[in-house]
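# Residue-level structural notes
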Amino acid sequence: EINPGKVIIEGKTKVVHGVADNPRVVLVVNKDRITAGDGARAHDLEGKAAISNATNGKVFMFLNEAGIKTSWIRTCDSTTYLARKCHMVPLEWVTRRVATGSFLKRNVGVTEGYRFTPPKMETFFKKTSWFLTQLTLTPGDCGRQVTKGS
């Protein structure tokens with residue numbers, strides 16, 4: 001049994017707690033919350049926390065088994081996992097199936113509702129306001145740097 005300590009940080013979709021008897025690990029609790037528009041729109045979606053937690057667990061297990069060190073230690077229950085306490089790399093991955101919202105603002109000329117096949121993967125530097133810099137990755141692409149307004 002893990003005894004959650006005080007809240008270290010709370011974001012739009014997760015809460016990170018210290019662990020009372022081990023200062024080197026944290027308990028990450030996923031929320032049933034979905035967001036869009038850099039958090040401008042948010043809704044509760046029952047079951048989302050469990051899906052996020054299961055996905056995180058599988059991805060981190062895959063990375064760890066491939067020899068890539070991560071903070072992830074283990075899944076605790078359907079919505080929480082144990083991780084090593086560390087500093088977050090401020091990146092956010094967004095997977096899009098359909099062109100809408102902020103994507104259209106950054107990509108003038110793309111028709112709303114355009115369906116990406118395969119899904120479009122975008123990586124952003126996390127900021128408290130608008131994403132200032134974006135790195136776009138597409139299959140077969142080595143990535144390209146795009147700054148706000150370009």
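The chain goes by phosphoribosylaminoimidazolesuccinocarboxamide synthase in an unreviewed UniProt entry, where it is assigned to Cherax quadricarinatus. Under the heading Pathway (unreviewed entry), UniProt records this for the chain: "Purine metabolism; IMP biosynthesis via de novo pathway; 5-amino-1-(5-phospho-D-ribosyl)imidazole-4-carboxamide from 5-amino-1-(5-phospho-D-ribosyl)imidazole-4-carboxylate: step 1/2."

In terms of regular secondary structure, the chain is built from two helices and eleven strands. Scanning the chain from its N terminus toward the C terminus, one meets helices and strands in the order β-β-β-β-β-α-β-β-β-α-β-β-β. Evaluated residue by residue, the chain yields a buried proportion of 25% over its 150 residues. In the chain, of all internal contacts separated by at least 6 residues, the share reaching a separation of at least 24 is 33%. For the chain, the exposed area adds up to about 10,300 Å²; of that, 58% sits on carbon and sulfur atoms.

A few words now on the pattern of salt bridges. As enumerated under the stated definition, the model contains four salt bridges in all. For the salt bridge of R33 with D44, the shortest nitrogen-to-oxygen distance reads 2.9 Å. On the criterion of sequence distance, the pair formed by R33 in strand β4 (residues 33-36) and D44 in strand β5 (residues 41-44) is long-range, its members being eleven residues apart. With a relative accessible area of 62%, D44 lands in the exposed category. Taken together, the salt bridges that share partners define one network made up of R96, R106 and E122.

We now examine the pairing of strand β1 (residues 4-10). With four bridges connecting them, β1 and strand β2 (residues 14-19) associate as antiparallel partners. Counted as the bridge partner of V7 is H17 from β2. Following β1, the chain reverses through three residues before pairing antiparallel with β2.

The next thing to look at is the side chain of R96. Note that R96 resides in strand β8 (residues 91-98). Residue classification places R96 among the buried positions, given a relative accessible area of 13%. Excluding anything up to four places from it in sequence, R96 contacts S102, F103, R106, F116, P119, K120 and E122.

Moving on, we come to the nonpolar core. The biggest cluster of nonpolar side chains holds six residues, and these are V16, V26, V28, W72, Y81 and A83. Going through the elements one at a time, β3 (22-30) and β7 (80-84) are the ones with two or more residues in this core. When neighbours within four sequence positions are excluded, A83 is seen to be in contact with R24, V25, V26, V28, S71, W72 and I73. Counting residues in hydrophobic clusters, the runner-up holds five residues, among them I2, V19, V25 and L27.

Moving on: the environment of D21. Structurally, the position occupied by D21 is in the loop between β2 and β3. Classification of D21 as exposed rests on a relative accessible area of 62%. Between the alpha carbons of D21 and G5 there is a distance of 8.4 Å; along the sequence they are 16 residues apart.

Calculation criteria
- Residues numbered from 1 in each chain as written.
- Predicted model: local features only at pLDDT ≥ 70, side-chain atom pairs only at ≥ 80, totals over all residues.
- Heavy atoms only, no water.
- UniProt positions renumbered as here; feature names shortened; annotations may be inferred.
- Helix = DSSP H or I, 4+ residues; strand = E, 2+ residues; numbered from the N terminus.
- Buried < 20%, exposed > 50% of the residue type's maximum accessible area, 1.4 Å probe, protein only.
- Contact = heavy atoms within 4.5 Å.
- Areas by Shrake-Rupley, 256 points an atom, 1.4 Å probe, with all protein chains shown as cover.
- Salt bridge = Lys/Arg side-chain N within 4 Å of Asp/Glu carboxyl O.
- Pairing = 2+ DSSP bridges.
- Core = buried A, V, L, I, M, F, W, Y, C linked by side-chain atoms within 4.5 Å.

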